[in-house]
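Okay, here's what each chain looks like letter by letter:
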Amino acid sequence: MSELIIVGMPRSNLTRSVRIACLEKEISFDFTSRDVQTPGRPPTNALLERNPFGTVPVLIHGTFTLYETAAICRFIDDNFAGPLLRPVRADKVARMNQWISVAMTRLDQNIIRNFVIPMVFADHKKRHDPGFAIHMNQLADVIRRDLAVLDDAYGDGWLFEDRFTLPDMMIMPMLHYLNAMPGGPEMLADAPNVRAAYDRFKARGSAAQTDPLLPEQILKSA
């Protein structure tokens, strides 16, 4: 058993970001979903003991426990030997922190919480509600604007030229779900630099090893 344990859900984009960071760092870790609630259920007592907010991912390293995706990814990069997952220059580190904040506070909300999850879990009646359709189209416009900003940032490859860094590891799993939604591929096609980065991401070993393997019904019913 590894001394590093990641607790989370396989289909959580944030859990996937942490697992990708571990794989890119080339460190040994165990991944478990034990005592984690199923989607739509309240947090388990066991999870609340590790994170009082009841969310995943959670990192356990000996007697040390840490939650929040950005904090976990930085801890992994700072405390284990292996390839650096961040730039070194102070201005680039500041820019990295900017993109991490954008990913966690804006992109995750707009893409995953406000668009993907409602699309996936809406029932038949909801999906055919004109008000729901209008709302989702408005959110799609917000996402397109977000992708346009990202497209400029990905003009040289990744956010930091040829280096796949922590904010990329947070953004790409979100795009995985967006790409699975109706209209998602078209949104990405309108941001060709982002689309190219996502295609490169899919070819990475860390992406393949953490692929949530979406069930076909999600693609058909969303």
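Since we're looking at a predicted model, the values are computed, not measured. Here, residues in each chain are numbered from 1, in the same order as that chain's written sequence. The predicted nature of this model means local features are confined to residues of pLDDT at least 70 and side-chain atom pairs, given and counted, to a pLDDT of 80 or more, with totals for whole chains, interfaces and linings taken over all residues. No hydrogens and no water enter the side-chain calculation; it runs on all heavy atoms of the structure.

What is the right way to look at the packing of helix α4 (residues 90–121) against helix α6 (residues 130–153) in this model?
Relative orientation and spacing of two packed helices are given, respectively, by the angle between their axes and the distance between those axes. Axis lines are fitted to C-alpha atoms, over the contacting stretch for helices. Their N-to-C directions set the angle, which ranges from 0 to 180 degrees. Working definition: helices are DSSP H or I runs of at least four residues, strands are E runs of at least two. Numbering for both runs from the N terminus. One can describe the packing of α4 onto α6 by two numbers: an axis separation of 10 Å at closest approach and a directional angle of 150°. As the angle between them shows, α4 and α6 are arranged roughly antiparallel. Relative to α6, the crossing made by α4 is left-handed. For the pair α4 and α6, contact is made by Trp 99, Arg 106, Leu 107, Asn 110, Ile 111, Asn 114, Phe 115, Pro 118 and Met 119 and by Phe 132, Met 136, Leu 139, Ala 140, Val 142, Ile 143, Asp 146, Val 149, Leu 150 and Ala 153, respectively. With respect to orientation, any angle under 35 degrees is reported as roughly parallel, any angle over 145 as roughly antiparallel, any angle of 65 to 115 as roughly perpendicular, and every other angle as oblique. Left-handed describes a crossing in which the near helix is turned anticlockwise from the far one by less than a right angle; the clockwise case is right-handed. Only heavy atoms enter the contact rule, under which two residues are in contact if any of them lie within 4.5 Å.

For this particular structure, what's the right way to read unusual backbone geometry?
Among all residues save glycine, negative phi is the norm, and among peptide bonds the norm is trans. At the junction of Val 56 and Pro 57, the peptide bond is cis and its omega measures out at 10° in the coordinates. Following the sequence through the fold, Pro 57 ends up in the loop between α2 (45–50) and β3 (58–61). At Asp 35, a position not held by glycine, the phi torsion is positive, near 65°. Following the sequence through the fold, Asp 35 ends up in the loop between β2 (30–32) and α2. Residue classification places Asp 35 among the partly exposed residues on the basis of a relative accessible area of 38%. In this structure, Glu 68 is a non-glycine residue whose phi angle is positive, near 85°. In this fold, Glu 68 is placed in the loop between β4 (64–67) and α3 (69–79). Each residue is placed in one exposure class: buried if its accessible area under a 1.4 Å probe, protein chains only, is under 20% of its type's maximum, exposed if it is over 50%, and partly exposed if it falls in between.

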